[in-house]
Amino acid sequence: LVFLLLEVLSSTLMSLPFEIYSTFRIEKKHGFNKTTPHLFLTDKIKTLGLTAAIGGPAAAAVLKLIRWGGDRFYIYLWAFTFLFTTVMMTILPTFIMPLFNKYEPLPDGSLK
């Protein structure tokens, strides 16, 4: 797990200059950027926090299943992955995405 933590931190640090350039130069050049440096930083911190809070226990569970499962660990790993994906598909739009975006109901009109 320590290796995974170091990998996430190092890849985040290595990709940070490219993400900053993409967000604040390329997107601004084409008029797509509405991100402020503060928002960019808070989104990065939220992402790292969610990665630690969800990804850490999930990685620990995967490693436990591999050790515990013996020769047939892949069956247990498949079941865990199926359940984890199903739960995340339910949780993501309800609890996680509102941390990054503001959602409002559409006004009554032809789109509804």
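Residues numbered from 1 in each chain as written. Predicted model: local features only at pLDDT ≥ 70, side-chain atom pairs only at ≥ 80, totals over all residues. Heavy atoms only, no water.

## A look at the pattern of salt bridges
Applying the stated criterion across every chain yields a total of 2 salt bridges. A salt bridge links Glu19 to Lys44; the shortest N-O distance between them is 2.5 Å. Placement of the pair is Glu19 in helix H1 (residues 2–29) and Lys44 in helix H2 (residues 37–69), with a sequence separation of 25 residues. Residues Lys102 and Glu104 are paired through a salt bridge, measuring 3.9 Å at the closest nitrogen-oxygen approach. (Salt bridge = Lys/Arg side-chain N within 4 Å of Asp/Glu carboxyl O. Helix = DSSP H or I, 4+ residues; strand = E, 2+ residues; numbered from the N terminus.)

## Some details on H2
The end-to-end C-alpha distance of H2 is 46 Å, a good match for the 48 Å that 33 residues give at a rise of 1.5 Å each. Looking only at H2, the buried set comprises Phe40, Asp43, Ala58, Ala59, Leu65 and Gly69. Next to the buried residues of H2 lie H1 and helix H3 (73–96). Downstream of H2 by one or two residues, Gly70 has phi in the positive range, about 65°. (Expected span 1.5 Å × (residues − 1). Buried < 20%, exposed > 50% of the residue type's maximum accessible area, 1.4 Å probe, protein only. Contact = heavy atoms within 4.5 Å.)

## Considering the packing of aromatic side chains
The way to describe two aromatic rings as a pair is by their centre distance and the angle between their planes. Under the criterion given, the structure shown has 5 aromatic pairs. Here the aromatic rings of Phe80 and Phe84 are separated by 5.8 Å at their centres, their planes lie at 25°, and the arrangement is stacked. Taken together, the positions of Phe80 and Phe84, both in helix H3 and 4 residues apart, correspond to about one turn of that helix. Phe80 sits in the partly exposed class, given a relative accessible area of 23%. Exposure remark for Phe84: the relative accessible area of 31% places this residue in the partly exposed category. Here the guanidinium or amino end of Lys46 rests over the ring plane of Phe100, the centre of that ring lying 5.8 Å away. (Phe/Tyr/Trp six-rings, centres within 6.5 Å; stacked < 30°, edge-to-face > 60°. Lys NZ or Arg CZ within 6 Å of the ring centre and 35° of its normal.)

## Quick notes on the confidence of the model for the protein chain
Residue-level pLDDT values for the protein chain average 92, and 98% of them are 70 or greater. Across the protein chain, the secondary-structure element scoring lowest on mean pLDDT is H1, at 92, and the one scoring highest is H3, at 96. (pLDDT = per-residue confidence, 0-100.)

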